[in-house]
Structures are given as C-alpha cells and as structure tokens.
Amino acid sequence: MTGIGIGSAPTVPFDLSPGLTVSEALALPCLSGARLVAGASGRGRRIRVVNIMEVPDIVRWMRGGELLLTTAYAVRDDAEALSALIPVLAERGLAALAVKVGPYLPALPPVMLDVADELGFPVVELPGAVMFNDILSEVLGTVLNRQALELERSRAIHERLTAVALDGGSYQELMNVLLELSGCAAAVRDEHGWILASAGSPPSDQPPAAERAIETGTGASGSVALWRDERDPAPPAPEPGPGASVPVSGPELENHQRMALEHATTVAATIAAQERALASRQQRYRTLLLMELVSRPPRDRAETARRAAAMGWNLRLPRAVVLVEVASTGVGGPADTELALEERLLPLVRAAAGPDAIIWGSQSGLVLLMEPGTSLTGRCQTLHAAVTAAHPDWDVAVAAGTVRADFTDYHHSYEEASQTLTLGRELHGPDFVRGYADLGVYRLLGQLPATELQTLVDDALGPLLAHDAEHEGRLVETLGVYLLEDRNGVTTASRLHVHYNTLRYRLRQIERLTGGLERRPTARLQTELAVHAYRLLSARDRR
C-alpha cells in the first residue's frame with residue numbers, strides 16, 4: 001500500500017477542510033481524461049486524501065474521504081471480487097474509486113457499475129496513460145491549499161469576532177459583525193427562543209438555516225442562529241465533521257458562514273458570561289449599599305445619597321424597615337425549591353409594598369424599605385395576606401420598625417424591626433404581624449442600657465437562673481409562660497407540653513425561690529418586668 005495524507009490539522013470546533021468534491025476533482029488537469037462511469041448521484045462526496053490500492057485488504061486502513069486509485073491488478077480476473085469491493089468502500093465512507101483501464105483490466109465489469117449506481121458510490125475510469133503520482137500531487141495540493149485558505153479565513157473571522165468581546169461589545173455589535181462576515185441574517189435568542197439581538201431582519205416565519213447553542217458554565221444560555229436567503233443558490237451540502245453545526249432547515253450554509261457562526265457562538269458565550277458577572281456584581285453592590293443603609297449611620301451623607309440616586313432610589317421619602325420571614329409547615333416549602341426564595345417572594349409582595357418600595361432578599365425572606373402609606377400596620381397585614389394566600393402551608397412573620405423621615409436613621413428602624421421579629425417569635429410563634437409600636441413594655445425596656453436590664457434580671461430572677469443552671473431546669477421559662485398566659489395553669493401547662501401536676505410543682509419551686517408571686521404589688525411588678533427584660537436580652541443575643 002502506498003498513500004499520502006493531508007496531515008494533522010489544527011484543533012478546531014468544526015470541519016475546516018471540506019476538501020474537493022468528486023466533480024471538482026474531475027475538472028483538474030490531472031484527471032482531464034477520466035470519466036465518471038457509475039455512481040453519479042454521489043458526485044458531491046468530498047475528497048480529503050488520496051490513496052493507492054495494490055491489494056484489496058487495504059480497506060481495513062481506510063478512514064473515510066479517500067479517493068482510492070487502483071489498477072485492480074490483484075483482482076483483474078475476479079469480476080465478483082471487484083464488484084463486492086464497492087459496498088465495502090461505500091460503507092467505509094470513501095469518496096470514490098478510480099480504476100485505471102489498461103493492460104490489467106481492459107474494461108470495468110457491468111455488475112460492478114450496477115452496484116455503484118445503486119449505492120450512489122462514484123466509480124471513475126482512468127485512461128491507461130495517466131500517472132498516479134500526478135493525481136496524488138495535484139489533488140492533494142489543491143486540498144492543502146483549500147485547507148490553508150480556510151484556516152486563514154477562520155483566523156481572520158475569529159480575530160474580528162473576538163475583538164467585539166475584547167472591546168466589551170454587546171450582543172447587538174456581535175450580530176452586526178456576524179451579518180457582515182456571513183451575509184446572512186443573524187440573531188441571538190434566549191433559551192425560550194426570544195430574540196435578544198438581531199441584524200439583517202431574520203424572518204419570523206422561517207426557521208434558521210443553522211443554529212448553535214451558547215454553552216456557559218451553567219449550561220445552555222440560548223443560541224446564535226443564521227438565516228440564509230432562500231433565493232440564494234444553495235451550495236452542495238458537506239458531510240458534517242465533529243461538532244459541525246447541523247442545519248435546522250432551509251438552504252445550507254457555505255463553509256465560511258458556518259465558520260462565522262461557530263466563532264460567533266463562542267464569542268456570544270463570552271459575552272453571556274460577562275453579562276452574568278456584571279449582573280452579579282451589581283446585585284452585590286446593591287445589597288451592600290442597602291445593608292449599609294440599615295446597619296449603621298452613613299459615613300458620608302452626600303456620597304450615600306449619590307450612590308442611591310445611581311440605583312434609582314428616592315431616599316427623600318419617609319420609610320420604615322419591614323422584615324418578612326417565611327418557614328414551611330410541611331413539604332414544598334421555601335427550602336424545597338430550586339428557585340431562590342427572593343425570586344418566589346418578590347412577585348407576591350411588590351403590589352402590597354408599593355411602587356417605591358426598595359426590596360432585597362435575606363437568608364429566610366425579604367427586607368423592605370417601605371413607605372407607611374395611610375397605615376404601616378395595614379400594609380404589613382397586606383404583605384402577610386399576599387404571601388399566605390399563595391402559600392397557605394407557610395408560616396409568615398412580618399415585623400416593622402418605626403417610620404423614619406431621614407435615611408440616616410434607617411438603621412434605627414432596622415434595629416427595631418429585628419427586635420420586633422425576634423420578640424414576636426418568642427411571644428406569638430412563627431406566624432404573626434407586629435410593629436415595633438405594638439411591643440408595649442418592651443419599647444420602654446429597650447431604651448435602657450443592657451447593664452441596667454441585666455441588673456434587674458439578676459435582682460429578681462437570680463435564684464431561678466441559678467437553679468436552672470445547676471439542675472438544667474426550666475423555671476424561668478415556666479414563669480414567663482405563666483405570666484404571659486395571665487396565670488392560667490391549664491393553658492400554661494398545655495403551651496409548655498407538661499402535665500398540670502408538673503406545672504404545680506414548678507410553681508411551688510418558684511414561690512419558694514422568689515418569696516412568692518403574690519406578694520406586695522411593687523415586688524410583683526418588678527418580677528414581671530424582670531421576665532420581660534430577660535426575654536428582651538435573650539432576643540438581642542439571638543440576633
């Protein structure tokens with residue numbers, strides 16, 4: 001066996017070397033005397049390499065795309081063997097078989113030609129005077145030249161399209177360049193088929209000639225598509241190589257158009273990644289600014305106002321911080337969805353929060369900077385109703401701070417809302433609507449320094465706390481629930497999930513350690529205030 005191959009080509013995401021069709025090869029000077037005698041329907045098969053067959057078992061080394069030259073010397077007296085060779089070559093994907101007719105094989109067997117016609121596999125009759133080396137040299141030289149031109153064209157297309165991404169270009173700029181390079185209408189579509197950017201007016205009633213998915217690190221993010229004018233003559237369809245763009249429908253693209261589509265899709269993936277990174281940075285910047293607003297006084301009032309104005313926020317409005325926290329009471333709750341909790345809650349609360357509300361997500365719900373309207377409590381109840389109507393199996397807690405006229409005081413409202421949320425869980429369970437104004441005595445206690453509150457707790461509840469610490473008891477908790485339930489033993493035992501006799505035993509211990517709950521009014525009031533102070537300090541510790 002003697003053979004000459006094209007050699008290694010650069011690694012590319014599509015076929016850069018389509019080679020010559022059989023028809024094009026027959027037009028070369030080296031094959032001027034050759035005739036296509038069978039399998040004419042396969043004249044569009046592409047030649048990528050030329051080999052010479054001296055023995056029939058050469059077929060085992062064939063990889064497809066070969067123009068196989070032979071004198072048929074080894075099977076010159078076996079027309080059946082020569083005919084049986086045609087299906088094998090066709091199955092292996094060879095381009096054509098060229099047989100020199102001369103002293104060894106005066107004529108091609110008719111049965112062989114019939115098989116070739118049936119399979120559409122080209123059989124070429126070569127004149128006896130032709131030199132195989134001339135065919136090898138000219139056909140392969142033409143293929144190599146075409147490959148070099150395709151590589152150069154690919155490089156130029158790649159550089160032109162890559163420049164769009166490097167210059168921070170948009171999808172629209174990319175489509176403008178793709179239109180210029182391909183001469184085809186072009187569009188970027190999202191994963192749902194909606195056009196994000198286009199050039200050349202893609203027809204809405206015609207599927208694209210070819211489309212490639214935009215692959216990012218998170219999977220497919222839409223596609224790039226080309227539409228070829230149906231009035232243009234379609235080139236012969238090449239056999240797709242590895243990773244080649246498969247036409248959807250309509251006229252087939254030319255090779256340079258497929259190249260431009262492939263490179264544009266790669267650049268589109270880069271732009272998609274850049275846009276996602278930008279959106280992520282903007283979201284982080286937005287959240288950071290909001291958390292600065294509600295966590296502490298601004299260091300520079302003017303700078304904070306400027307940054308907020310760039311986000312489109314009106315900080316001249318009086319606002320209160322409102323916290324929305326949700327938890328599931330069964331299957332299908334917030335933790336069971338792939339969507340971010342913020343994405344699920346935002347559509348539900350936007351109408352209730354008002355058009356000027358600033359909303360962002362927290363780990364367990366939402367934070368809102370909201371105008372009070374006619375009634376802040378009423379708006380909070382509307383928020384609660386909107387979420388529970390959509391998700392009746394969720395516990396929804398809504399806690400609001402007081403309204404602040406100046407944005408430099410938003411952090412006070414946030415502190416109040418946080419305190420209301422924590423105390424609300426303690427006093428009302430996981431589902432409630434409360435404002436800081438509803439906290440009553442806790443608002444008064446909240447004005448005192450933590451040291452004063454701790455002194456009050458130690459003086460009134462010290463013996464109970466010491467007993468609980470030593471015996472892992474629950475006397476302080478029992479006293480708090482007993483007072484919260486207005487000294488009703490039955491409801492207290494039920495809420496604590498203990499037997500009524502157990503509650504009576506604990507109350508006797510509390511009486512003994514504190515000197516009695518029904519003693520003089522001032523001492524009784526101090527004990528109740530100490531319980532509230534203890535609850536407030538515990539709530540602060542949990543925040």
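Residues numbered from 1 in each chain as written. Predicted model: local features only at pLDDT ≥ 70, side-chain atom pairs only at ≥ 80, totals over all residues. Heavy atoms only, no water.

### Side note on the overall build of the protein chain
Line of reasoning, step 1. Scanning the protein chain for helices and strands turns up 16 helices and 17 strands.
Line of reasoning, step 2. Summarising the internal contacts of the protein chain: among those between residues at least 6 apart in sequence, 68% fall at separations of at least 24.
Line of reasoning, step 3. Split by element, the accessible area of the protein chain, about 27,100 Å² in all, is 52% carbon and sulfur. (Helix = DSSP H or I, 4+ residues; strand = E, 2+ residues; numbered from the N terminus. Contact = heavy atoms within 4.5 Å. Areas by Shrake-Rupley, 256 points an atom, 1.4 Å probe, with all protein chains shown as cover.)

### Topic: the packing of aromatic side chains
Given two aromatic rings, one states the distance between the centres and the angle between the planes to describe the pair.
Line of reasoning, step 1. A full pass over the atoms with the stated rule returns zero aromatic pairs.
Line of reasoning, step 2. Over the ring of F132 we find K100, and its NZ or CZ is 4.7 Å from the ring centre. (Phe/Tyr/Trp six-rings, centres within 6.5 Å; stacked < 30°, edge-to-face > 60°. Lys NZ or Arg CZ within 6 Å of the ring centre and 35° of its normal.)

### Brief notes about the environment of Y414
Line of reasoning, step 1. With respect to the helices and strands, the residue Y414 is situated in helix α10 (residues 410-428).
Line of reasoning, step 2. Owing to a relative accessible area of 22%, Y414 belongs among the partly exposed residues under this scheme.
Line of reasoning, step 3. Along the sequence, Y414 and L369 sit 45 residues apart, while their C-alpha atoms lie 9.1 Å from each other.
Line of reasoning, step 4. In this structure, Y414 is in contact with M291, V294, V321, L323 and V367, ignoring residues within four places of it in sequence. (Buried < 20%, exposed > 50% of the residue type's maximum accessible area, 1.4 Å probe, protein only.)

### With respect to unusual backbone geometry
Of all residues except glycine, most have a negative phi; of all peptide bonds, most are trans.
Line of reasoning, step 1. Positive phi outside glycine occurs at S201, with the angle close to 55°.
Line of reasoning, step 2. Tracing the sequence through the fold places S201 in the loop between β10 (195-199) and β11 (210-216).
Line of reasoning, step 3. The exposed category is assigned to S201, whose relative accessible area is 65%.
Line of reasoning, step 4. Of note in the backbone geometry, R487 takes a positive phi value of approximately 60° without being a glycine.
Line of reasoning, step 5. With respect to the helices, strands and loops of the structure, R487 is situated in the loop between α13 (475-484) and α14 (489-496).

### Thoughts on the environment of L178
Line of reasoning, step 1. Counting through the fold element by element, L178 comes out in helix α5 (residues 171-182).
Line of reasoning, step 2. Once residues within four sequence positions are removed from consideration, L178 is found in contact with L161, G183, A186, V224, L226, A260, L261 and A264.

### Structural notes on empty space enclosed by the protein
Line of reasoning, step 1. By the definition in use, this model includes one cavity of 30 Å³ or more.
Line of reasoning, step 2. If you add up the space inside the largest cavity, you get close to 50 Å³.
Line of reasoning, step 3. Taken together, V22, A25, L26, L31, I47, L67, A96, A98, V124 and L126 make up the lining of the largest cavity.
Line of reasoning, step 4. Going through the elements one at a time, α1 (22-26), β7 (96-100) and β8 (123-126) are the ones with two or more residues in the lining of the largest cavity.
Line of reasoning, step 5. Top contributing element to the lining of the largest cavity by residue count: α1, with three residues.
Line of reasoning, step 6. Within the lining of the largest cavity, the residues separate by chemical class into ten nonpolar, no polar and no charged. (1 Å grid on protein atoms, 1.4 Å probe; cavity = no way out; pocket = protein on both sides within 12 Å on 5 of 7 lines; lining within 4 Å. Points joined across faces, edges and corners; volume = space filled by probe spheres on them. Nonpolar A, V, L, I, M, F, W, Y, C, P; charged D, E, K, R; others polar.)

### What about the confidence of the model for the protein chain?
Regions with low pLDDT should not have their predicted coordinates read in detail.
Line of reasoning, step 1. Counting all residues, the mean pLDDT for the protein chain is 81, and 87% of those residues have values of 70 or more.
Line of reasoning, step 2. Per-element mean pLDDT across the protein chain ranges from 36 in strand β1 (residues 2-4) up to 93 in strand β16 (residues 394-400).
Line of reasoning, step 3. Throughout residues 234-250 the model reports pLDDT below 50, and contacts reaching past four residues in sequence, or to other chains, amount to 44 contacts. (pLDDT = per-residue confidence, 0-100.)

### Focus: the side chain of Q509
Line of reasoning, step 1. If you trace the backbone, Q509 turns up in helix α15 (residues 500-514).
Line of reasoning, step 2. Assessed through its relative accessible area of 12%, Q509 is described here as buried.
Line of reasoning, step 3. Apart from the residues lying within four places of it in its own chain, the contact partners of Q509 are H467 and L475.

### Topic: the packing of helix α2 (residues 79-92) against helix α3 (residues 110-119)
Line of reasoning, step 1. Packing of α2 against α3 brings their axes to within 8 Å, and their N-to-C directions diverge by 20°. Taken together, the axes of α2 and α3 are roughly parallel relative to one another. Note that α2 runs across α3; the crossing there is right-handed. Of α3, the residues touching α2 (which contributes L82, S83, I86, P87 and A90) are V111, M112, V115, A116 and L119.
Line of reasoning, step 2. Among the residues forming the contact of α2 with α3, the class breakdown is nine nonpolar, one polar and no charged. (Axes fitted to C-alpha atoms, helices over the stretch in contact; angles between N-to-C directions. Parallel < 35°, antiparallel > 145°, perpendicular 65-115°, else oblique. Left-handed = near helix turned anticlockwise from the far one by under 90°.)

### Regarding the sheet that holds strand β17 (residues 432-435)
Line of reasoning, step 1. In space, the five strands of this open sheet follow the order β14-β15-β13-β16-β17, with mixed pairing throughout. The open sheet terminates on both sides in strands that have one partner only, identified here as β14 (358-361) and β17. Taking the axes of each pair of neighbouring strands and ignoring which way they run, one obtains an average angle of 15° across the sheet.
Line of reasoning, step 2. Pairing of strand β13 (residues 320-328) with β16, which is carried by seven bridges, proceeds in the antiparallel orientation. Across the sheet, the residue bridging to V322 is A400, located in β16.
Line of reasoning, step 3. Its contacts with the sheet put helix α8 (residues 341-353) on β13, β14, β15 (365-370) and β16, and the angle it makes with β15 is roughly 30°.
Line of reasoning, step 4. Along the sheet face, helix α9 (residues 376-390) touches β13, β15, β16 and β17 and points at about 160° away from the line of β16. (Pairing = 2+ DSSP bridges.)

### A closer look at the pairing of β10
Line of reasoning, step 1. In the sheet, strand β9 (residues 185-189) pairs with β10 via four bridges, with the strands oriented antiparallel. When the sheet's bridge partners are listed, R189 is paired in β10 with I195.
Line of reasoning, step 2. Hairpin connection of β9 to β10: five residues between the antiparallel strands, including G193 at a positive phi of 95°.

### Let's talk about the side chain of R319
Line of reasoning, step 1. Within the fold, R319 resides in the loop between α7 (301-310) and β13.
Line of reasoning, step 2. Within the local environment of R319, its side chain forms a polar contact with the backbone oxygen of L369, the two atoms lying 3.1 Å apart.
Line of reasoning, step 3. Excluding its chain neighbours within four sequence positions, the residues that come into contact with R319 are N314, D356, A357, I358, L369, M370, T402, V403, R404 and Y410. (Polar contact = N/O pair within 3.5 Å; in protein donor to acceptor, adjacent residues only side chain to side chain.)

### Let's talk about the packing of α8 against α9
Line of reasoning, step 1. Here α8 crosses α9 at 150°, and the two axes come no closer than 9 Å. When the interaxial angle is binned, α8 and α9 end up roughly antiparallel. As α8 packs across α9, the resulting crossing turns out to be right-handed. Across the interface between the two elements, L345, L348, V349, A352 and A353 of α8 pack against R379, T382, L383, A386, V387 and A390 of α9.
Line of reasoning, step 2. Considering only residue class, the contact of α8 with α9 consists of nine nonpolar, one polar and one charged.

### Comments concerning α3
Side chains of residues three or four places apart in an α-helix project in the same direction, reflecting 3.6 residues per turn.
Line of reasoning, step 1. For α3, every residue scored as buried is listed here: M112, L113 and A116. Within α3, the buried residues cover an arc of 95° as seen down the axis, which keeps them to one side. Among the exposed residues of α3, those oriented more than 90 degrees off its buried face are P110, D114 and E118.
Line of reasoning, step 2. Looking at the buried positions of α3, the neighbouring elements they touch are β3 (35-38), α2, β7 and β8. (Arc of directions from axis to C-beta.)

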